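# Structural overview
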Amino acid sequence: MTPPQRHEDEPPTPADREAGPLIAAVPVAAAIFVFGTVYGAGASPLADPLLVVGSSALIYSGAAQFATVSLLATGAGLGAVVAAVATLNLRNVALGAVLRRRLDGGWPRRLLAGLVLLDETVGLAVAARHRPARVYAVAGVVCYVAWVSGTGVGVAVGAAAGTEALADALFPVLFVGLAAAAATSRAAQLRTVAAMAATALVAMTVPAATGVAAIAVALLAAVPGGRP
Amino acid sequence: MTWGVVGVVAAVTVASRMAGLLLPGEPPAPVGVVLDRLPAPLFGALAVTALLADGGPPDVAVLAAFVAALAVGAVRRSLLWVLLAGLAGFGAAIWLV
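Residues numbered from 1 in each chain as written. Chains lettered and ligands numbered in written order. Predicted model: local features only at pLDDT ≥ 70, side-chain atom pairs only at ≥ 80, totals over all residues. Heavy atoms only, no water.

Further remarks concern the overall build of chain B. Helices and strands together make up the secondary structure of chain B, namely five helices and zero strands. Its C-alpha atoms give chain B principal-axis dimensions of roughly 55 × 45 × 25 Å. Looking at the 97 residues of chain B, the share that counts as buried comes to 48%. When the accessible surface of chain B is summed, it comes to about 4300 Å², and 77% of that surface belongs to carbon and sulfur atoms. Put simply, chain B has 4 plus and 4 minus side-chain charges, and the middle of one group is 10 Å from the middle of the other. (Helix = DSSP H or I, 4+ residues; strand = E, 2+ residues; numbered from the N terminus. Buried < 20%, exposed > 50% of the residue type's maximum accessible area, 1.4 Å probe, protein only. Areas by Shrake-Rupley, 256 points an atom, 1.4 Å probe, with all protein chains shown as cover. Lys, Arg positive; Asp, Glu negative; His and termini not counted. Charge placed at Lys NZ, Arg CZ, Asp CG, Glu CD.)

Rendered as structure tokens:
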């Protein structure tokens, strides 16, 4: 197995320290909790409370769940929902392949790991120089609890005023943070900036293609050549 | 929304998660290089996707949060610091505008 690149000369990230996995996961989980309350409050008119919380427990994917609720609210059918969710989930395939190189053990362990695969959990594992599997496992559990409990709070008491605007801001900020944590070299930062610029160009010219374009652009930016 | 819809969406989502994790064997070396390099550009691209999700220009406070996060993310590899910077940018824009 070819190990992922390590950058031992860099200062440790929070996740590398002894209590690090939990400390690193908490701010991410806090953001996820906010998303959860917004989802819980927004989905409540469309389904009974148990189903809304159950959807978070079973799906555990903000992108897929927000898309599902939005489409159902406009009267879309199951086919449209599945098509949208499958497109959004394309990045999970790539993230799973990235994560696989950082996990030890056979397929049963990977099967278990797959249950908590999110952008955020993979991002934290990628950013960790040491014990990425432990960082991933802790983040997976903490973020799961935050997502489901946030949904429950949103269902029970609704989202606090301004929470939706805050969630709108936190989504891109969280991804910027994950990109910053994962960019371990100047070359990686340049590739990230290039991918962001190209995605912005697609978003402004062909908005409907942005979701798929983001993955294609990132893959192009990561092709071999030049410095790691 | 019904339990059936939730079940189908959950199945599609879990399948996509397992697809990459359960790929048999090791990828060829060039693919491994791409996988090692992929996370940062992918998260960067997703940040822009989330920023421009509505198809129009983002709200001023959202943009301020994004710019503040970018500024800190360019110099610190810390998710916590980037989140705090984003929150500060968001709060400052709400306060000023």
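Moving on, there is more to tell.
For soluble globular proteins, the rule of thumb is that nonpolar side chains tend to be buried together. Judged by nonpolar contacts, the single largest core of 92 residues is most densely connected at A:Ile32, A:Phe35, A:Leu99, A:Leu124, A:Tyr136, B:Met1 and B:Phe43. The residues contacting B:Met1, other than those within four sequence positions of it, are A:Tyr39, A:Leu46, A:Ala47, A:Leu51, A:Val52, A:Ser55, A:Thr68, A:Val69, A:Leu72 and B:Val6. (Core = buried A, V, L, I, M, F, W, Y, C linked by side-chain atoms within 4.5 Å. Contact = heavy atoms within 4.5 Å.)

Take A:Gly96: it is sitting in helix H5 (residues 90–100). Residue class for A:Gly96 comes out buried when judged on its relative accessible area of 0%. Look past the residues within four positions of A:Gly96 in its chain and what remains in contact with it is A:Leu117, B:Arg17, B:Gly20 and B:Leu21.

Residue and element names in this part refer to chain B. Scored by pLDDT, chain B has a mean of 90; 100% of the residues are at 70 or more. Looking over chain B, one finds the lowest element-wise mean pLDDT in helix H2 (residues 29–37), namely 88, and the highest in helix H4 (residues 60–73), namely 95. The ipTM value of the predicted complex is 0.90, and its pTM value is 0.85. (pLDDT = per-residue confidence, 0-100.)

All names here are of chain A. With a phi close to 50°, Tyr60 is a non-glycine residue in the positive phi region. Of note, Tyr60 is situated in the loop between helix H2 (49–59) and helix H3 (62–73). With relative accessibility at 2%, the residue Tyr60 sits in the buried group. In this model, Arg131 sits at a positive phi of 50°, which is unusual for a non-glycine residue. Given the relative accessible area of 32%, Arg131 is considered partly exposed.

Now for a negative patch on the surface. The grouping of A:Glu164, A:Asp168, B:Asp54 and B:Asp59 at the surface amounts to a negative patch. Residue position: B:Asp59 is located in the loop between helix H3 (39–51) and H4. (Patch = residues over 30% accessible without salt bridge, like charges linked within 9 Å, V, L, I, M, F, W, Y side chains within 5 Å. Salt bridge = Lys/Arg side-chain N within 4 Å of Asp/Glu carboxyl O.)

The next subject is the packing of aromatic side chains. Residue and element names in this part refer to chain A. In the structure shown here, the tally under the stated rule is six aromatic pairs over all chains. With a centroid separation of 4.1 Å and 5° between ring planes, the pair formed by Phe35 and Phe171 is classed as stacked. Linking Phe35 in helix H1 (residues 20–43) with Phe171 in helix H9 (residues 163–182), this pair joins segments that are 136 residues apart in sequence. Judged by relative accessible area, which is 3%, Phe35 ranks as buried. Here the aromatic cluster, defined as three or more aromatic residues joined through ring pairs, consists of Phe35, Tyr39, Phe66, Trp147 and Phe171. (Phe/Tyr/Trp six-rings, centres within 6.5 Å; stacked < 30°, edge-to-face > 60°.)

On to H4(B). Over its 14 residues, H4(B) extends 20 Å from the first C-alpha to the last, a length consistent with the 20 Å expected when each residue adds 1.5 Å. Looking at H4(B), one finds that the buried residues are B:Ala61, B:Val62, B:Ala65, B:Phe66, B:Ala68, B:Ala69 and B:Gly73. Seen from one end, H4(B) has its buried residues packed into an arc of 165°, which puts them on one side. For H4(B), the secondary structure elements touched by its buried residues are H9 and helix H10 (186–205) of chain A together with H3 and helix H5 (79–96) of chain B. (Expected span 1.5 Å × (residues − 1). Arc of directions from axis to C-beta.)

Roughly 1400 Å³ of volume is contained in the largest pocket. Along the walls of the largest pocket sit 50 residues, with A:Ala63, A:Phe66, A:Leu88, B:Ala50 and B:Ala53 positioned nearest its centre. Listing elements by their share of the lining of the largest pocket, those giving two or more residues are H1, H3, helix H4 (78–88), H5, helix H7 (119–127), H9 and helix H11 (210–221) of chain A together with H3 of chain B. Considering only residue class, the lining of the largest pocket consists of 31 nonpolar, eleven polar and eight charged. (1 Å grid on protein atoms, 1.4 Å probe; cavity = no way out; pocket = protein on both sides within 12 Å on 5 of 7 lines; lining within 4 Å. Points joined across faces, edges and corners; volume = space filled by probe spheres on them. Nonpolar A, V, L, I, M, F, W, Y, C, P; charged D, E, K, R; others polar.)

Another aspect to go through is the interface of chain B and chain A. Across the boundary between the two partners, chain B contributes 60 residues, which contact 97 residues of chain A. Surface buried jointly by chain B and chain A totals about 6700 Å² across both partners, of which 75% is contributed by carbon and sulfur atoms. Inspection of the chain B/chain A interface yields two salt bridges. Residue A:Arg100 pairs with B:Glu26 through a salt bridge whose shortest N-O separation is 3.2 Å. Where chain B packs against chain A, one counts 15 residue pairs in polar contact (both at pLDDT 80 or more). Breaking the side of chain B that touches chain A down by element, the ones donating at least two residues are helix H1 (3–21), H2, H3, H4 and H5 of chain B. It is H1(B) that provides the largest number of residues to the side of chain B that touches chain A, a total of 14 residues. The residue inventory of the side of chain B that touches chain A, partitioned by class, reads 44 nonpolar, ten polar and six charged. (Buried area = accessible area lost by both parts, 1.4 Å probe. Polar contact = N/O pair within 3.5 Å; in protein donor to acceptor, adjacent residues only side chain to side chain.)

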